[in-house]
Amino acid sequence: MRLAGQMQAWSRWRSHGLALLALFVASCVLLYGLFSAASRDTGIRMTIVSAEAGFAQWFFDSGNGYSEAESVKATYPRGRSDLWFAVPPGTYRSLRFDPSAGDGPITIVDLTLTGDIPGAGGVSPSLDSLVARKNVALASRTASGLQVVPTKGTNDVQLGLNPSVPLEMRGQGVSTASILQSAVPLALLLFLSLFVMRRCGVRMIVVSGLAASLALIVTMGALSPEGQPLHPDEGLHVANFQYYLSHVWPPAAHDPRIVPVLQSSVWGIAYLNSYDVVYFIAGHLMSPFEQMLGSPTAAGRAFQNVLWLALLLMAAFRRTWALPISAVLVTPQAWYVFSYFNGDAFPFFVSMCAVALACDHGRGVNRFLREGRMNPSMVAFCLCIGMLVVSKANYYPVAMTAFLWLSASHLRLRWVELVAVIVAVGALGAASMLGDWPLPGAPFLSDVLPWLGLACAAIAAASLLLRSRKDPSTRTTIIRFMVLAVLAIGFAAPRIVNDLWINGGPDAKAATLTQMTERYAAEKFKPSAIDAGEGHPGLRFAQKGISLPDMVFGQRQWLSTSLKSAFGTYGNMKIWAPEALYLLFLSSLGALLLVSSWVMVWRQGALAAKQVGIVLGTAFVVMLSAALFSWLYAFQAQGRYLLPIVPMLGFVIAMGMRAMPGVMKPLLVWMLVLSVLSFACIGLPGIAARVG
C-alpha cells in the first residue's frame, strides 16, 4: 500500500512537472516575443508649447506618399506638452508633421527620433532638420525652439523632415543574455504558480493576485511623472477632479469657473457638466490629503489605488465576494485603469461591488428577495446601482445584468421575458444614440427602434403581470424588486435633481453645452465645423457614408483593435504587446468561460442556461453601444469601452469556481500569470521609456 501511494504521488508530481516544463518553454517563447516587441520601440518624442489645445499628426512616406494609414496622432492641451508618437519600424523617404490648434502660435521645444537609425549615416534628424512646408506665416528659430505661426484661417500647418538618404528606423535587437536573465524569474513565477494551485484555496489566490496587481498599479503611478501626457486624457480628468478640491457643489454648464477645464480639452467639454459623480466623490474624499500627497494628480491616483485596495479587502473578508471579484485578474487593462486618474475606475469598482453582492446567495440582496428582510448588504447593493446611474453611460448594462441575474433566480424568468428585456434595452439604447439622425441605408430605423424597444418591454411586462396574478409569491417578489429600484434611484436622485436645478431641462442644458463647446473647442472639434463637414476626420463616420460593418471589420479594424486593447495596451494607445499575447489572452479567457458555462448548465440546467444567456446578451449590448458611439460620434477603438463586460463575467466565473474549482483554479492562475507578464514586461518598461 505504501509503495502504491508513493507511486501515485510520483505519477502526480511527474504530470505536474511535465505541465510545468511545457508552460516554461511556452513562456520562454512568449518572453522572446515580448522583448522583441519592446526592442522595436521606434518613434518620435517631442515637446511643444501651444497657445491653444489641439491635435498633432505625423505622416511617414514609405514610398507610397502620405496617407492616413501611415500616420500617428496625439492630442495635446493648452500650454507645454511632452508627446510621443510610435512610428512602426521601416524605411521612410520623408516625414511630415501637422499640428492643428487654430491660429495660435506653436513652439516646438525639442524633437528626437528614437530607435536604431542607420539610414541617416549615424546622425538622427533633429529639430534643426524640421522645415516649414505649407500654411506657415512665420517660422523662426529662437533660444526656446522653433516657433511656428500658422497662416490665419487655414488650420492646416505642415512641417517636414527631408533626410538626405532614406530614413531607416529599426529596433536594437534582443540579446541572449537578456532573455536568459528574464527566464530565471519567470521559472520562479511558474514554480510559485504550481505551489499556489496545489496548496492555496481560490480566495487566497484572488487576494494574492489583487495584492500583486496593487503593487504593480502603484509602481505604474510612481513611474509616471506629472505634466506628461503618458496616460489617456489624465490631464483632462485631473482638471475636472481638481475643481472639487476647492468647491463644494457642482457647477452650472455656463459657470465661468470651469473655463480652464474647457480650455484643457480639444473637445471643449468638461465632465463636470455630466452626471458623472466620480469627480465629486474623489474631490471631496481626497481634498484633506492633497497637500500631504503633493499635487492633485497624486491625490487622484491615490483615490484609484484606494478603490483597488477596497476590492482586495472585500475578497479577503468573504469567499462569496472573492469568487466574482476574481474576474479582475483576467486582464491587465483593468489594472491599468486604476494606475492613473480617469472616469472609468470608479464605475468599474462599483460594478464589481454590485456583482459581488448579487452573488452572495445566502445573504444581502438575495435574502431580501427571498424573505423581505432589509439588511446593510442589500442597501449597499442599491447604492452601487444608484452610483452606476450617475457614472459613465457604458456601465449602465452592468446594472441591467445584475437585476436580470437576480430575476432569473427569484422570478424564474422565462426565455421570452428574458429575450424581450435584452432586445428592449438594446433597441432603446440604440435609438437614444441615433436621435433624429437618418441612418445611411436604413433611415427608417430611427423611427422603428423606439417602437421595437417599447413593444419588447411591453411583452416582458405583460408576461410578468399575468404570472403575478396567478402566483402571489411572484407578485411579492416583483414588489421587492420595485423596492430595490426605488432605493437605487433614490441614491442617484440628488445628482440628477441638482443638475436639473442649475441647468434646466435637457434641451436647455444641451443648448448651453453647444455654445460652450463652440467657443472653447479646437477648430476641427467645433460643432459648426463638424456640421459643415470640416471637422476632424475621425468624427461621425455614419454621416460620411462609412458603413458600420466596414468600420467594425474593415480597414479601420474597430473590433480587432478594441479586443486587443482590452487585454493590455498602455499609454495613449502606443504601447502594444505582441499579437501572440493577445491570442493567448483571448483563448485562455474563452476556455475559462466555456468551462464555467458548461459546468453551470450541467449542474443547474435551464436556470444556468438563462443566466449564461443574460451575460452574453448584455455583453453584446456593451459591444454594440461602443461600436455605435465610434460610428455615430467619435471613432474610439479602445478596450476600456469594453471593460464593463469584465464585471459581468464575474457572475459566470463565480459559478464555475463553486462547481469545479480543481479545473477553474489553474485557468485563473494562468491568466493571472499572463496579466503580470503583460503589465510588468510591456506596460511598466514602455511607460518608463517614454518618461523624458
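If you're wondering where the values come from, they're calculated on a predicted model, not measured in any experiment.

Cut-offs applied
- Residues numbered from 1 in each chain as written.
- Predicted model: local features only at pLDDT ≥ 70, side-chain atom pairs only at ≥ 80, totals over all residues.
- Heavy atoms only, no water.
- Helix = DSSP H or I, 4+ residues; strand = E, 2+ residues; numbered from the N terminus.
- Contact = heavy atoms within 4.5 Å.
- Areas by Shrake-Rupley, 256 points an atom, 1.4 Å probe, with all protein chains shown as cover.
- Expected span 1.5 Å × (residues − 1).
- Bend = angle between axes of the 7 residues up to and from the residue.
- Buried < 20%, exposed > 50% of the residue type's maximum accessible area, 1.4 Å probe, protein only.
- Arc of directions from axis to C-beta.
- Core = buried A, V, L, I, M, F, W, Y, C linked by side-chain atoms within 4.5 Å.
- Patch = residues over 30% accessible without salt bridge, like charges linked within 9 Å, V, L, I, M, F, W, Y side chains within 5 Å.
- Salt bridge = Lys/Arg side-chain N within 4 Å of Asp/Glu carboxyl O.
- Axes fitted to C-alpha atoms, helices over the stretch in contact; angles between N-to-C directions.
- Parallel < 35°, antiparallel > 145°, perpendicular 65-115°, else oblique.
- Left-handed = near helix turned anticlockwise from the far one by under 90°.
- Nonpolar A, V, L, I, M, F, W, Y, C, P; charged D, E, K, R; others polar.
- Pairing = 2+ DSSP bridges.
- Phe/Tyr/Trp six-rings, centres within 6.5 Å; stacked < 30°, edge-to-face > 60°.
- Lys NZ or Arg CZ within 6 Å of the ring centre and 35° of its normal.

> Quick one: what's the story with the overall build of the protein chain, residue by residue and with numbers?
Along the protein chain, the regular secondary structure elements total 25 helices and 12 strands. Relative to all contacts within the protein chain whose residues are 6 or more apart in sequence, the contacts with residues 24 or more apart total 77%. Entry remark: accessible area of the protein chain is about 29600 Å², with carbon and sulfur atoms responsible for 65%.

> For helix α25 (residues 661-690), give the residues involved together with the corresponding values.
Its 30 residues place the ends of α25 42 Å apart at the C-alpha level, agreeing with the 44 Å of an ideal helix rising 1.5 Å per residue. Maximum bend of α25: about 25 degrees, positioned at F679. Within α25, 21 of the 30 residues are buried, which leaves the element mostly enclosed by the surrounding structure.

> Tell me about helix α18 (residues 506-520), and please be specific about residues and values.
In this model, α18 (15 residues) spans 21 Å end to end at C-alpha, consistent with the 21 Å of a helix rising 1.5 Å per residue. All of the buried residues along α18 are K509, T512, M516, T517 and Y520. Across the axial projection of α18, the buried residues extend over an arc of 135 degrees, all falling on one side. Among the exposed residues of α18, those pointing more than 90 degrees away from its buried face are D507 and Q515. Looking at the buried residues of α18, the elements they touch are α5 (259-263), α17 (472-503) and α19 (527-531).

> An account of the nonpolar core is requested, with residue identities and associated values reported.
Counting residues in each nonpolar core, the largest one holds 162 residues, and the members touching the most others are I325, W335 and F381. In terms of residue count, the dominant contributor to this core is α25 (15 residues). Y92, I108, L159 and L161 belong to the second largest nonpolar core, which has 26 residues in total.

> Summarise a nonpolar patch on the surface; cite the residues concerned and give the values.
The grouping of W415, V419, V423, V448 and L452 at the surface amounts to a nonpolar patch, some 400 Å² of accessible area in total. Of all the elements in the fold, those that place two or more residues in the nonpolar patch are α15 (415-434) and α16 (445-470). With 3 residues, α15 is the largest single contributor of residues to the nonpolar patch. Residue classification places V448 among the partly exposed positions, given a relative accessible area of 39%.

> Can you tell me about the packing of helix α22 (residues 579-604) against α25, naming the residues and giving the values?
One way to put it is that α22 packs onto α25 with a least axis distance of 10 Å and a crossing angle of 160 degrees. The angle between the axes of α22 and α25 places the two elements in the roughly antiparallel class. In the packing of α22 onto α25, the handedness of the crossing is left-handed. Facing L581, L584, F585, S588, L589, A591, L592, V595 and S596 of α22, the residues of α25 in contact are V663, M664, L667, L668, W670, M671, L674, S675 and S678. Residue classes in the contact of α22 with α25 are distributed as 14 nonpolar, 4 polar and no charged.

> Quick rundown of the sheet that holds strand β8 (residues 130-134)? Include the residues and the values.
Sheet architecture is open: 5 strands sit in the order β3-β2-β6-β11-β8, paired in antiparallel fashion. Unpaired on one side and paired on the other, β3 (71-76) and β8 mark the two borders of the sheet. Shown here is a sheet whose adjacent strand axes are inclined to one another by a mean of 25 degrees, direction ignored. Pairing of strand β2 (residues 54-61) with strand β6 (residues 94-100), which is carried by 7 bridges, proceeds in the antiparallel orientation. Its bridge partner being in β6, F59 is matched across the sheet by R96.

> Tell me what's going on with the pairing of strand β9 (residues 136-142), and back it up with residues and numbers.
One ladder, built from 6 bridges, connects β9 with strand β10 (residues 145-150); its direction is antiparallel. Among the inter-strand pairings, A139 is bridged to a residue of β10, identified as V148. Where β9 folds back on β10, the antiparallel hairpin that results is connected by 2 residues.

> Describe the environment of D276, and please don't skip the residues or the numbers.
Here D276 is to be found in the loop between α5 and α6 (278-286). When the C-alpha positions of D276 and I496 are compared, they lie 10.0 Å apart, and in sequence the two are 220 residues distant. Those residues within four positions of D276 in sequence are excluded, and the remaining contacts are G343, V390, S391 and K392.

> A description of the side chain of R467 should follow, citing residues and the corresponding values.
Tracing the chain through its elements places R467 in helix α16. Sequence-distant contacts of R467, defined by excluding residues within four places in its chain, comprise L411, R412, L413, R414, E417 and T474.

> Just give me the short version of the packing of helix α3 (residues 202-223) against α25, but keep the residues and values in it.
At a minimum axis distance of 11 Å, the contact between α3 and α25 shows a crossing angle of 5 degrees. The orientation of α3 with respect to α25, classified from their angle, is roughly parallel. On α25, the residues touching V202, I205, V206, G209, L216, I217, T219, M220 and L223 of α3 are P661, K665, L668, V669, L672, V676, F679, A680, G683, L684 and I687. In terms of residue class, the contact of α3 with α25 is made up of 16 nonpolar, 3 polar and 1 charged.

> So, the pattern of salt bridges: which residues are in play, and what are the values?
Counted by the stated rule, this structure contains 15 salt bridges. The partner of D255 in a salt bridge is R257, with the nearest N and O atoms 2.7 Å apart. The class of D255 is buried, set by a relative accessible area of 11%. On the basis of relative accessibility, which here comes to 44%, the residue R257 falls in the partly exposed class.

> Quick one: what's the story with the pairing of β6, residue by residue and with numbers?
The element β6 is extensively covered by neighbouring structure, given that 7 of its 7 residues are classed as buried. The alternating pattern of β6 places S94, R96, D98 and S100 on one face and L95, F97 and P99 on the opposite face, and all of these are buried. Two strands pair when backbone bridges link them, and β6 and strand β11 (residues 158-161) are joined in this way by 3 bridges, in the antiparallel orientation. Counted as the bridge partner of F97 is L159 from β11.

> Could you give an account of the packing of aromatic side chains, naming the residues involved and the relevant values?
Enumeration according to the criterion identifies 26 aromatic pairs in this entry. For the pair F241 and F341, a centre-to-centre distance of 4.9 Å together with 45 degrees between the ring planes defines the contact as tilted. Of this pair, F241 sits in helix α4 (residues 234-246) while F341 sits in the loop between α10 (332-337) and α11 (345-358); the two residues are 100 residues apart in sequence, bridging distant segments of the chain. Accessibility classification places F241 together with F341 in one group, the buried group. Ring centres of Y336 and Y340 lie 5.1 Å apart, and the angle between their planes is 50 degrees; this geometry places the pair in the tilted category. Classification of Y336 as buried rests on a relative accessible area of 1%. Three or more aromatic residues joined by ring pairs make a cluster, and in this case those are W335, Y336, Y340, Y570 and F679. One cation-aromatic arrangement involves R96 over F59; the distance from NZ or CZ to the ring centre is 4.4 Å. Here the guanidinium or amino end of R318 rests over the ring plane of W321, the centre of that ring lying 4.6 Å away.

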